[in-house]
Amino acid sequence: MSGTLTEQILGDHLVEGSLDPGEEIGIEIDQVLSQDTTGTMVWLQFEALDLDEVQLELAAQYCDHQTYQFDYKNTDDHRFLRSAAGTFGAYFSRPGNGICHQVHKEHFAAPGRTMLGADSHTPTPGGLGEFAIGAGGLDVAVAMGGGPYYFDMPKVVNVRLEGELGPWTTAKDVILEMLRRLSVKGGVGKVFEYTGPGVATLSVPERTTITNMGTELGATTSIFPTDEHTEDFLRRLGREEVYEELQPADDAEYDDEIVIDLSTIEPLIAVPSMPDNVVPVREVAGTPVDQVIIGSCTNGAYEDILPAAKMLEGREINKTTEMIIAPASKQASEMLARHGWTAELMAAGVNFSEATCGACIGIGHVPASDSVSVRTFNRNFEGRSGIDGDSVYLSSPEVATAAAITGEIVDPRDLAEELDGLEDPGIELPERYTGSTADIISPDDPVDDELIKGPNISEVPLQEPLAEELRGENLLKMGDNVTTDHITPANADALMFRSNIPRYAEFTLTRIDSSFPDRAKAAGGGVLVAGENYGQGSSREHAALCPMYLGVEAVFAKSFARIHKANLFNFGLVPFRIDEDTYDRIEQGDELAIVDDVGPTIRDGAETFTLRVNDDWEAEVVLDASDRERRLVAAGGKLPYTKQQAGKADTPADD
Ligand code: MIC
Ligand code: SF4
C-alpha cells in the first residue's frame, strides 16, 4: 500500500473529490454510533428524511450520558431510542451499559473501517486503526441512510513516537503533552497519525486514550497503525477475525511532523479550566484535593481502573478527599467485581458509580463550592462539572489516585519514594475480556418495531431559505474558545430537553449571559460575534439548532471549530470569518448588515462580502464554504435542502 494510513483508508472509501488538503471530499461510511443526548435528534431527522432502514454495515445506539433518568423525559428518550434502533435496524445498548466509545471499542470497532459518530470523541477507536470522525446528528442520520460524509481533506501530521514511557508516566501524559505543545486549536483541519518505534511500546487501550483526547486538539481524528498489539487486543476481546494489518508506506509523505520522545515525558496535569493548560504535576504539588474521579471515555476502562485498585490495595484514601470510580462500561465493572477489585476499592473508601458519562457533564458528583476536583476525564471547561467557577484538573488514573491517597496533588514518583511498597502498577490487560452481553440488543432480534415518542419529544424545527437581506443586531459579543457547553449546556436541568428544541433553546448561551434567550426573542433574532475557535468541544448540533430557533441568522467569528461549523451550515446559519480589527471594532448591540444580496450571492460562490455596521462603517468578511455547503446554507439547511431535492435523487442523502 502507498501513502499515509489516512490516505489508504480514505482512498478506499472515497466517493467524491481528491485527497488534497483543504479540498472537500465525500467518503463512504461503514459504521455509525450515536448516544442518548444526540441520538434523539439523529433518529428524528432520519424519520424526517423519510428514511426507513439503516443502509450501512453497522449502526449502534448507546444510552450513556444521562442514565440516572432523574426525569421521565430522560427515560422517554431512552425508550424512543430503543424503538428507533429496533424500527430502523441498529444495535441498541441499554442505559447503564456504558459509554458509547468504550462499548463500541469492546464490541464493534475494527481496523480499516470508517465511522461517523454523533459525539466528538468518536475518534477513540483510531487507537486500533479505525478512521473515526465526530459529526453533528444530521450528518450521522444521512450517513445511516447510505449517503457519503463530506468534509475537508485534513492535513496529515506524522506524530513520531520515540523511546519508551518512564515509570509512573502514562498515555494520558502523552496526549497532555500534545495539548501543552499545540493548544486546543492546534489540531483544527488535521489528522494526527502516530508512527515510529514508540508505537510498539503502547498497548491498544493506551493508544485509545491518546486518540480519544485528540479531540481536545480540535483534530478531525487521530489514528495508529495496527500491529501484533492490535491483533492481541482483538483476540482478548474475542474478535480477532476483524484484524487487518495497516501500516503507512515507508515513503508516505506527511504535511507536517512532530517528534515526541516518550522517555522525556513526565507526569502532567491540565489545570483549570482548559485541557491545554498543561503543567508538570510537580508544579502544582501540594494543592489540596477534595474530590477524585476515575472514569470517562478517556480513562474509564478496566485497564485504567486496575492501576488505581493496585495502588489502593491495603490502603485507605485520605479523610479529606472523596474518590469515585465511574467505569466506562458495565463490562469493566463486571470484570473488576469478578476479579475482586471492586471489594478492594470499596474497602479503601472509594464509591462506585454506574457506567455513565454522568459527572463529566455535571450530572452527579458535582464538586463542592471553592473546591478542587482531580479527574481522569478529557475536558475541564469552566462550569462543565456542574458548578460555576469550578477547579477541575485532568490527569492520569495514577496521578488521580496519588491525590486521593495524600489529599493533595503529588507526583506519584515522589509519593512512591515516601510510601513503602507503592509501585508503578503499569498497564495490565486481562487474558480475556469477559462480561455479559445482556445489555446489547441486536437489530436481528429487536424489542420494538415502531417508534415510541413520549410527550416531550417534539418535531425538528425547519428554517426558511436565506433571504436576500441579512441584517440584525449583534446579540452577544464573545471571546476566544467559546465551547458548545457555553452555547447549549449539557447539565441535568438542560439535557432532558435535547429532543425538545423549543424548551432547550431557553438555555441558549445562558452560561455567558442569562438574558440571552429573552433578548434574542425580543429582538426577533439577530447575529452573534465571537473570537477564535468558536464552538469547540461537543458535536451537539443543538449548539446551532437552538440559536437558529431563536432567530440567529449568522455567526461572525475569527475562526470556527470543525464540527460546529458543519452544524451551522446544516441548520442554515452563515458562519462568516472576520479579522482581528473588525472583531475589535464591533460592539454588542451594533446593527450588522451584509450589503450584498446574501442568499443569491452565497449560491453564486462569492467568498468575500461587505459587512456594514450601524450604517456607519464597513469591513470585508469571508465565507469559507464548498459549493455543497453554499447550497445547504442558502436553502435554510440540510433538512430543507434535502426535502426540496426529494424526487430529484435516489437517496435523499447525496448532499
Ligand atoms: C461532551 O463530551 O461534551 C458530550 C456530552 O459527550 C458531547 C455530546 C453531546 O453534547 O451530547 C460531545 O462530545 O459531542
Ligand atoms: Fe461522555 Fe464525557 Fe466522553 Fe463526552 S467526554 S462521551 S460526556 S465521558
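Residues numbered from 1 in each chain as written. Chains lettered and ligands numbered in written order. Predicted model: local features only at pLDDT ≥ 70, side-chain atom pairs only at ≥ 80, totals over all residues. Heavy atoms only, no water.

**Describing the site of ligand 1**
Formally: A single heavy atom is enough: if one lies within 4 Å of a molecule or strand, its residue is considered near that molecule or strand. Side-chain atoms alone can form a polar contact between residues adjacent in sequence; in general such a contact is a pair of N or O atoms within 3.5 Å, and within protein one must be able to donate a hydrogen while the other accepts it. Accessible surface area values rest on a Shrake-Rupley calculation with a 1.4 Å probe, where residue burial reflects the displayed protein chains alone. Charged means Asp, Glu, Lys or Arg here, nonpolar means Ala, Val, Leu, Ile, Met, Phe, Trp, Tyr, Cys or Pro, and polar covers whatever is left, Gly included.
If you check the shell around ligand 1, you find 13 residues, and the closest are T37, H65, S120, S539 and R540. Between ligand 1 and R384, the relevant distance is 2.8 Å, taken from an oxygen atom to a side-chain nitrogen or oxygen of the residue. For ligand 1, whose free accessible area comes to 340 Å², the fraction covered by protein is 96%. Residues belonging to the shell around ligand 1 are distributed by class as follows: one nonpolar, seven polar and five charged.

**Looking at the packing of aromatic side chains**
What counts here: Between 30 and 60 degrees the pair is tilted, below 30 it is stacked and above 60 it is edge-to-face, where a pair is any two Phe, Tyr or Trp rings, Trp via its six-membered ring, whose centres lie within 6.5 Å. Helix numbering and strand numbering both begin at the N terminus, where a helix is a DSSP run of H or I of at least 4 residues and a strand a DSSP run of E of at least 2. Only protein chains enter the accessibility calculation, which uses a 1.4 Å probe. A residue is then buried if its area is under 20% of the maximum for its type, exposed if over 50%, and partly exposed in between. By the criterion adopted, a ring carries a charge over it if an Arg CZ or a Lys NZ lies within 6 Å of its centre and within 35 degrees of its normal.
Considering all chains together, one arrives at 13 aromatic pairs under this definition. Relative to F560, the ring of Y534 lies with its centre 6.4 Å away and its plane at 85°, an arrangement referred to as edge-to-face. Of this pair, Y534 sits in the loop between β22 (526-530) and α19 (542-549) while F560 is found in the loop between β23 (552-557) and α20 (562-570), placing the two residues 26 residues apart along the sequence. Like F560, Y534 is buried. The rings of W43, F46 and F88 are connected pair by pair, giving a single aromatic cluster. Here the guanidinium or amino end of K477 rests over the ring plane of Y583, the centre of that ring lying 4.4 Å away.

**Details of the nonpolar core**
Put simply, the rule is: Residue types Ala, Val, Leu, Ile, Met, Phe, Trp, Tyr and Cys, when buried and joined through side-chain atoms within 4.5 Å, form a set referred to as a nonpolar core. The contact criterion used throughout is that any non-hydrogen atoms of two residues lie within 4.5 Å.
Among the nonpolar cores identified, the biggest contains 78 residues, and V32, W43, L116, F516, L528 and Y534 are the most heavily contacted of them. The element best represented in this core is helix α5 (residues 137-144), accounting for six residues. What W43 contacts, discounting residues up to four positions off in sequence, is S34, V54, Q61, F80, L81, A84, A85, F88, A90 and M144. Core analysis: the next-biggest nonpolar cluster, separate from the first, contains 48 residues, I269, V281, W341 and A400 among them.

**Considerations on the sheet that holds strand β1 (residues 14-16)**
Stated precisely, the cut-off is as follows: Note on pairing: two strands pair once DSSP finds at least 2 bridges between them. All axes here are fitted lines through C-alpha atoms, helices being fitted over the stretch that makes contact, and every angle between N-to-C directions spans 0 to 180 degrees.
One open sheet holds the three strands; their spatial order is β1-β2-β8, and the pairing between them is antiparallel. Two strands lie at the open edges of the sheet, namely β1 and β8 (149-152), each paired on one side alone. Pairwise comparison of adjacent strand axes, ignoring direction, gives a mean angle of 40° for this sheet. Across two bridges, the pairing between β1 and strand β2 (residues 24-27) is antiparallel. Paired with E16 across the strands is G26, a residue of β2. Helix α1 (residues 5-13) rests against β1, β2 and β8 of the sheet, and its axis sits at about 60° to β1.

**Describing the packing of helix α10 (residues 302-312) against helix α13 (residues 397-406)**
Applied cut-off: Should an angle fall under 35 degrees it is called roughly parallel, over 145 degrees roughly antiparallel, and 65 to 115 degrees roughly perpendicular, with every other angle called oblique. By convention, the crossing between two helices is left-handed when the near helix turns anticlockwise from the far helix through less than a right angle, and right-handed when the turn is clockwise.
The interhelical angle for the contact between α10 and α13, taken along N-to-C directions, is 30°, at an axis separation of 9 Å. Taken as axis vectors, α10 and α13 run roughly parallel relative to one another. Note on packing geometry: the crossing formed by α10 with α13 is right-handed. Where α10 approaches α13, its residues D304, P307, A308, M311 and L312 are matched on the opposing element by P397, E398, T401, A402 and I405. Residue classes in the contact of α10 with α13 are distributed as seven nonpolar, one polar and two charged.

**Quick look at the confidence of the model for the protein chain**
Cut-off, in case you're wondering: Per residue, pLDDT captures the predictor's confidence, and it can take any value from 0 to 100.
Of all residues in the protein chain, 98% attain a pLDDT of 70 or more, and the chain-wide mean is 97. Note that pLDDT drops below 50 for residues 650-655; the model gives that stretch 16 contacts with residues more than four away or on any other chain.

**Brief notes about the pairing of strand β24 (residues 574-577)**
Counted only if it meets this: Viewed with both strands pointing away, a crossover whose connecting path from the first strand over the helix to the second turns clockwise is right-handed.
Where β23 meets β24, four bridges bridge the pair, whose relative direction is parallel. When the bridges of β24 are listed, A557 appears paired with R577. Note on the crossover from β23 through α20 to β24: the handedness is right-handed.

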